[in-house]
Protein chains: 2
Amino acid sequence: MPTRQLSLNLFIYPDGHHEAAWRYPSAEIARLTDVSWFQRLAQQAEQVAFDAVFFADGPVLAENIEYAPRFRLEPITLLAGIAAATSRIGLIATASTTYHQPYNLARLFASVDHQSRGRVGWNIVTTTNDAAAFNFGLDAHPSHAERYARAQEFLEVVTGLWDSWEDDAVLADPVGGRYADPAKIHRLDHEGRYFTVRGPLNVPRVPQGRPVYVQAGSSEDGRGFAARWAEAIFTAHQTLPSAQEFYCDIKSRALGLGRRPEHIRVLPGLSPFIGGTEAEAKRLQAEFNDLIQPGYSLQQLRQMLGVDFTGHDLDAPFPRHLIAPDNSRAVASRFQVVLDIVDREKPTLRGLLHRLAGARGHFVLAGTPEQVADHIETWFTQAAADGFNIMPPWLPGGFEAFADQVVPLLRRRGLFREEYARSTLRDHYGLPRPESRFAALPQRRAS
Amino acid sequence: MPTRQLSLNLFIYPDGHHEAAWRYPSAEIARLTDVSWFQRLAQQAEQVAFDAVFFADGPVLAENIEYAPRFRLEPITLLAGIAAATSRIGLIATASTTYHQPYNLARLFASVDHQSRGRVGWNIVTTTNDAAAFNFGLDAHPSHAERYARAQEFLEVVTGLWDSWEDDAVLADPVGGRYADPAKIHRLDHEGRYFTVRGPLNVPRVPQGRPVYVQAGSSEDGRGFAARWAEAIFTAHQTLPSAQEFYCDIKSRALGLGRRPEHIRVLPGLSPFIGGTEAEAKRLQAEFNDLIQPGYSLQQLRQMLGVDFTGHDLDAPFPRHLIAPDNSRAVASRFQVVLDIVDREKPTLRGLLHRLAGARGHFVLAGTPEQVADHIETWFTQAAADGFNIMPPWLPGGFEAFADQVVPLLRRRGLFREEYARSTLRDHYGLPRPESRFAALPQRRAS
Ligand SMILES: Cc1cc2nc3c(=O)[nH]c(=O)nc-3n(C[C@H](O)[C@H](O)[C@H](O)COP(=O)(O)O)c2cc1C
Ligand SMILES: Cc1cc2nc3c(=O)[nH]c(=O)nc-3n(C[C@H](O)[C@H](O)[C@H](O)COP(=O)(O)O)c2cc1C
């Protein structure tokens with residue numbers, strides 16, 4: 001494909017991205033533990049040739065379960081269930097480097113990459129919710145720096161495991177009686193600060209070589225990690241300049257490490273309310289905002305800013321002075337986004353809650369299909385994005401509006417594919433299939 | 001159902017249970033990483049109303065990969081892929097208590113029980129292959145006693161996690177704005193020797209309450225563990241008296257712990273070679289045995305007995321004196337089985353390799369459909385088995401012969417169901433759905 005391709009993922013927050021989606025009259029909340037719900041959403045996204053569906057994750061129950069369905073089906077097994085009901089769309093699940101063992105996680109993703117014939121991506125996170133620690137025998141969530149140091153070593157290990165079988169290790173010669181060539185199946189003998197792992201993995205190399213490495217952290221450590229490892233990056237921006245700064249920074253960091261910038265897809269979030277007119281779209285958004293519950297929203301805000309505003313006057317100006325300039329209890333990728341909104345828009349506390357209810361800091365756009373397409377085109381052509389994580393406010397309706405009304409416009413403008421050209425997630429994203437690190441060893445060439 | 005029910009599982013060793021299955025001319029060895037291979041086998045088993053399919057597992061690559069396809073797709077994700085292509089058959093995967101974290105494992109099985117609407121079983125093992133240790137940062141595989149002590153605590157934790165949401169915790173009241181009742185979602189606050197886990201799990205209670213607990217160890221510790229936790233037991237026996245001894249011992253241990261004996265299904269392995277005449281069946285078996293490779297078989301034997309017989313005369317009597325009476329490097333559940341064969345049958349070394357090639361110590365029967373049905377009926381009616389793990393020597397042919405020729409006989413004799421009565425694995429096995437341990441708390445009744 002000579003022209004630059006727009007990538008579109010469907011981010012499946014089970015009931016939709018708006019925090020009150022589950023209260024919207026059409027919500028099918030009884031189906032959120034039902035795999036057919038997720039299969040249908042993925043099939044709908046596959047019908048319009050989306051690159052992938054994407055699932056967030058964290059190994060702990062959200063605090064605000066009382067006010068919204070904030071539980072999670074474990075997403076890697078969910079991908080396997082969706083893989084069986086689809087054939088082309090990519091499948092991305094989040095998993096934590098802080099709370100997994102590399103050998104186990106490498107097996108889970110390898111199995112799903114085999115099952116899906118090469119459609120799997122791993123969203124690599126270090127876990128934001130610090131209460132996860134208590135489910136894994138720790139007294140406290142490791143520090144941000146510690147988490148990224150472990151993530152770094154984790155990636156070295158799993159990459160080695162996914163490389164441990166060379167592509168031609170399987171001989172499958174029943175007559176000669178040799179199934180595999182042990183000279184092409186390699187131990188790692190990794191001994192590091194966090195992990196000691198011998199390998200090899202116990203499954204042949206996966207269709208994509210390795211799952212696609214996705215990343216979603218924007219701190220200084222997060223950016224360095226992304227520049228080194230990420231092949232796609234999910235990110236949250238409220239303005240074009242902020243997205244451009246991030247885009248340019250990531251691409252030049254990657255260049256500095258000898259990587260090709262087009263091999264990192266930068267994909268900001270976008271949560272669209274779509275209406276026949278802008279006023280209609282804004283009415284729809286207001287309908288959702290009327291359903292939010294301050295008890296829930298204040299908890300969300302506390303997680304993003306590290307400060308609890310319960311008891312403050314919802315209709316007074318937001319008490320900006322209560323926020324320390326650098327708050328280590330906050331989520332780095334959201335902290336600055338929220339502060340920027342406050343400084344730019346000077347909302348009341350309630351106004352801020354409404355502003356964040358749509359997508360927890362991601363860009364929310366209430367407008368016509370043309371306005372949504374314009375936004376996408378602008379960011380795509382002005383070096384702010386290689387594509388988007390589409391985060392429909394509610395499901396499936398919010399996605400159907402995008403698929404039916406915005407996708408055709410993007411196609412007419414030559415921005416988005418009419419159909420899949422090939423079938424792996426690497427293909428969709430235009431990423432190369434990595435060679436096994438062992439395939440280049442001199443002793444191999446000699447033999 | 002008033003009459004006692006026979007249970008039948010299909011044990012899916014990817015290419016079949018005989019160690020040379022992959023060399024048999026009809027073998028489809030290119031499909032062993034292909035989920036549709038496993039989906040088809042499960043569908044075939046579902047067509048004849050088998051209780052479940054079953055997958056072994058270990059988190060390490062088998063040593064003898066050179067001589068046979070001894071790799072593994074991670075089985076829990078595989079169950080999710082099979083669940084999507086079936087609707088009634090039970091789905092059992094093996095997972096190790098030694099090499100998992102309870103919170104992660106509890107999530108994986110919970111997700112697949114939801115996805116399959118209540119068809120999941122967990123074969124609980126402590127892992128036999130001691131090389132697994134090196135993939136998880138350990139210097140050595142923990143001792144047998146240590147592994148069972150950890151397994152015991154592991155079960156306490158995951159049982160608590162699966163119980164942590166009461167059945168009626170989800171309110172799903174969009175109008176009132178309450179999704180769940182936090183008073184019915186419980187922390188464990190478990191602090192033990194091996195694990196500290198706060199909980200609760202981050203997903204609503206699964207359809208079966210908990211996955212069906214399956215177990216497969218026959219040592220003294222293994223039996224104690226099974227009597228306490230198991231709802232189905234996989235076991236290997238070569239003679240009716242040995243199976244009867246095990247059956248009776250397990251049931252009386254369970255009784256001693258206040259459990260009902262029919263709530264533990266005892267399921268020995270059975271690997272059938274089926275022919276129109278006994279001679280034909282034996283010729284078929286000989287065809288497979290002719291394909292074995294001593295290099296492979298000797299490695300298998302070393303794992304079972306802890307002694308390496310490489311270099312010994314294959315056609316001399318088996319050197320029985322080289323085996324110490326209690327060998328801690330051996331697999332306890334197989335050690336005695338193999339010694340009994342040696343003492344009873346006095347084979348040559350090659351004869352022993354042939355004897356074990358079929359099913360690594362499980363019962364191999366080469367005979368007519370009537371003879372296979374007779375064996376099943378005898379063991380079932382004479383207190384040796386509640387059913388069987390059917391381990392076809394090769395797939396799918398070896399299973400198709402059983403389904404087409406033996407299942408109808410079992411039905412004619414009133415031993416096996418014509419069709420599924422209900423849809424969960426607990427239903428098929430006749431097991432009760434456990435109540436959450438928290439549902440019985442006094443404060444709950446009062447509230
Ligand atoms: C679109 C997006 C999705 C994310 N999804 C998750 C998630 O599912 N689980 C999680 O623990 N963190 C998630 N994060 C947070 C980060 O990945 C990261 O773990 C955390 O913010 C720390 O990184 P940072 O400090 O570098 O931003 C997400 C972030 C973004 C932008
Ligand atoms: C039918 C059957 C299947 C088994 N499957 C496994 C398996 O998949 N993985 C494993 O590590 N051990 C497996 N085992 C072995 C035991 O579960 C157990 O971990 C080991 O033998 C130690 O237990 P024991 O000493 O009490 O027999 C199996 C045993 C039997 C009888």
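Since the model is a prediction, treat every value here as computed from it, not as a measurement.

### What to know about the interface of chain A and chain B
Taken together, the contacts link 68 residues of chain A with 68 residues of chain B. Carbon and sulfur atoms supply 59% of the area that chain A and chain B bury against each other, a total of about 5500 Å² over both sides. On the chain A side of the contact with chain B, A:E66, A:R107 and A:Y179 bury the most area, a combined 12% of that side's loss. Along the contact surface separating chain A from chain B lie six salt bridges. In this structure, A:R117 engages B:D34 in a salt bridge whose closest nitrogen and oxygen atoms are separated by 3.3 Å. The interface formed by chain A and chain B contains 32 residue pairs in polar contact (both at pLDDT 80 or more). Going through the elements one at a time, α1 (35–47), α2 (75–83), α3 (102–115), β5 (170–173), β6 (178–180) and β8 (196–197) of chain A are the ones with two or more residues in the side of chain A that touches chain B. At eight residues, the largest contribution of residues to the side of chain A that touches chain B is made by α3(A).

### Some remarks on α2(A)
Counting buried residues in α2(A) gives nine out of nine residues, a clear majority hidden from the surface. Those residues of α2(A) that sit buried are A:P75, A:I76, A:T77, A:L78, A:L79, A:A80, A:G81, A:I82 and A:A83. The secondary structure elements touched by the buried residues of α2(A) are α1, β2 (52–55), β3 (90–96) and α3 of chain A together with α2 (75–83) and α3 (102–115) of chain B. Between the side-chain oxygen of the N-cap and the backbone nitrogen of A:I76 there are 3.0 Å, and the N-cap of α2(A) in question is A:E74.

### Here's the deal with the pairing of strand β5 (residues 170–173) of chain B
All names here are of chain B. Bridge analysis of β5 against strand β6 (residues 178–180) gives two bridges, and the strand direction is antiparallel. Along β6, the bridge assignment pairs V170 with A180. The turn linking β5 back onto β6 is made up of four residues, and G177 within it adopts a positive phi angle of 80 degrees.

### With respect to the pairing of strand β11 (residues 265–274) of chain B
Residues and elements named next belong to chain B. Among the 10 residues in β11, 10 count as buried, and that is most of the element. Two elements, strand β10 (residues 232–235) and β11, share four bridges in a ladder whose sense is parallel. When the sheet's bridge partners are listed, A232 is paired in β11 with R265. Once you follow β10 into helix α6 (residues 240–256) and on to β11, the crossover reads as right-handed. Here two bridges tie β11 to strand β13 (residues 387–390), and the two strands are oriented parallel to one another. For L270, the partnering residue across the bridge sits in β13 and is I390.

### Let's talk about the packing of helix α8 (residues 294–305) of chain B against helix α10 (residues 349–357) of chain B
Residues and elements named next belong to chain B. Packing of α8 against α10 brings their axes to within 10 Å, and their N-to-C directions diverge by 80 degrees. In terms of orientation, α8 lies roughly perpendicular with respect to α10. The segment α8 lies against α10, with S297, L298, L301 and M304 engaging L349, L352, L353 and L356. Residue classes in the contact of α8 with α10 are distributed as seven nonpolar, one polar and no charged.

### Topic: the site of ligand 1
All names here are of chain A. As a matter of local geometry, ligand 1 sits amid 22 residues, with D57, H144, Y148, A216 and S219 nearest to it. The backbone of D57 places a nitrogen or oxygen atom 2.7 Å from a nitrogen atom of ligand 1. When residues of the shell around ligand 1 are traced back to their parent elements, those giving at least two are β4 (120–125), α4 (144–163), β10 (232–235) and α9 (332–345). Here the residues of the shell around ligand 1 are counted per class, giving seven nonpolar, 13 polar and two charged.

### Structural notes on the nonpolar core
Counting 198 residues, the largest nonpolar core has A:F50, A:W122, A:F402, B:F50, B:W122 and B:F402 as the members making the most contacts within it. Discounting chain neighbours no more than four positions away, the residues touching A:F50 are A:L8, A:N9, A:L10, A:A45, A:I89, A:I390, A:F399, A:F402, A:V407, A:F416, A:R417 and A:Y420.

### Some points on the UniProt feature "binding site: FMN" (unreviewed entry) in chain A
All names here are of chain A. As recorded in UniProt, the sites labelled "binding site: FMN" (unreviewed entry) are D57, T94, H144, Y148, S218 and S219. In this fold, T94 is placed in strand β3. Setting aside residues no more than four positions away along its own chain, T94 makes contact with F54, F55, A56, D57, P75, N123 and V125. Separated by 2.7 Å, the side chain of T94 and the backbone oxygen of F55 make a polar contact. Position of S219 among the secondary structure elements: in the loop between β9 (212–215) and α5 (220–229). A polar atom in the side chain of S219 sits 3.4 Å from the side chain of H144.

### Section: the site of ligand 2
Residue and element names in this part refer to chain B. The environment of ligand 2 is made up of 22 residues, and the closest members are D57, H144, Y148, A216 and S219. Here S219 contributes a side-chain N or O atom positioned 2.4 Å from an oxygen atom of ligand 2. Contact with the protein chains hides 95% of the accessible area of ligand 2, taken as 620 Å² for the molecule alone. When residues of the shell around ligand 2 are traced back to their parent elements, those giving at least two are β4 (120–125), α4 (144–163), β10 and α9 (332–345). At three residues, α9 tops the list of elements feeding residues into the shell around ligand 2. Among the residues forming the shell around ligand 2, the class breakdown is seven nonpolar, 13 polar and two charged.

### Side note on the relation of the copies chain A and chain B
Mapping chain A onto chain B is achieved by rotating through 180 degrees and translating by 0.0 Å along the same axis, at an RMSD of 0.0 Å. In symmetry terms, the pair is related by a two-fold rotation axis.

### Focus: the environment of A:R205
Residues and elements named next belong to chain A. Structurally, R205 can be placed in the loop between β8 and β9. On the accessibility criterion, R205 (9% relative accessible area) is buried. Along the sequence, R205 and S96 sit 109 residues apart, while their C-alpha atoms lie 22 Å from each other. Each residue touching R205, except ones within four places of it in the same chain, is listed here: H114, W162, D163, W165, E166, D167, R210, R433, P434, E435 and S436. A polar contact is formed between the side chain of R205 and the side chain of D167, at a distance of 3.3 Å. A polar side-chain atom of R205 sits 3.2 Å from the main-chain carbonyl oxygen of P434.

### Comments concerning helix α7 (residues 278–289) of chain B
Residues and elements named next belong to chain B. Taking 1.5 Å per residue as the helical rise, α7 with its 12 residues ought to reach 16 Å, and the 16 Å between its terminal C-alpha atoms agrees with that figure. Taken together, the buried positions of α7 are A281, L284, Q285, F288 and N289. Projection of α7 onto a plane perpendicular to its axis shows the buried side chains occupying an angular sector of 140 degrees, all on one side.

### Details of the side chain of A:N389
Residue and element names in this part refer to chain A. Along the polypeptide, N389 turns up in strand β13 (residues 387–390). Among the polar contacts made by the side chain of N389, one reaches the side chain of N9 at a distance of 3.2 Å. The residues contacting N389, other than those within four sequence positions of it, are N9, F11, F54, F234, L267, P268, G269 and L270.

### What about the environment of A:P207?
Residues and elements named next belong to chain A. Note that P207 resides in the loop between β8 and β9. In the structure, P207 is positioned 40 residues away from D167 in sequence and 9.2 Å away in space, judged by C-alpha atoms. Once residues lying within four places of it in the same chain are set aside, the contact partners of P207 are D113, H114, R117, G118 and R433.

About the thresholds
- Residues numbered from 1 in each chain as written.
- Chains lettered and ligands numbered in written order.
- Predicted model: local features only at pLDDT ≥ 70, side-chain atom pairs only at ≥ 80, totals over all residues.
- Heavy atoms only, no water.
- Contact = heavy atoms within 4.5 Å.
- Buried area = accessible area lost by both parts, 1.4 Å probe.
- Salt bridge = Lys/Arg side-chain N within 4 Å of Asp/Glu carboxyl O.
- Polar contact = N/O pair within 3.5 Å; in protein donor to acceptor, adjacent residues only side chain to side chain.
- Helix = DSSP H or I, 4+ residues; strand = E, 2+ residues; numbered from the N terminus.
- Buried < 20%, exposed > 50% of the residue type's maximum accessible area, 1.4 Å probe, protein only.
- Pairing = 2+ DSSP bridges.
- Right-handed = clockwise from strand over helix to strand, strands pointing away.
- Axes fitted to C-alpha atoms, helices over the stretch in contact; angles between N-to-C directions.
- Parallel < 35°, antiparallel > 145°, perpendicular 65-115°, else oblique.
- Nonpolar A, V, L, I, M, F, W, Y, C, P; charged D, E, K, R; others polar.
- Near = heavy atom within 4 Å.
- Core = buried A, V, L, I, M, F, W, Y, C linked by side-chain atoms within 4.5 Å.
- UniProt positions renumbered as here; feature names shortened; annotations may be inferred.
- Areas by Shrake-Rupley, 256 points an atom, 1.4 Å probe, with all protein chains shown as cover.
- Least-squares fit on C-alpha atoms with pLDDT ≥ 70 in both.
- Expected span 1.5 Å × (residues − 1).
- Arc of directions from axis to C-beta.

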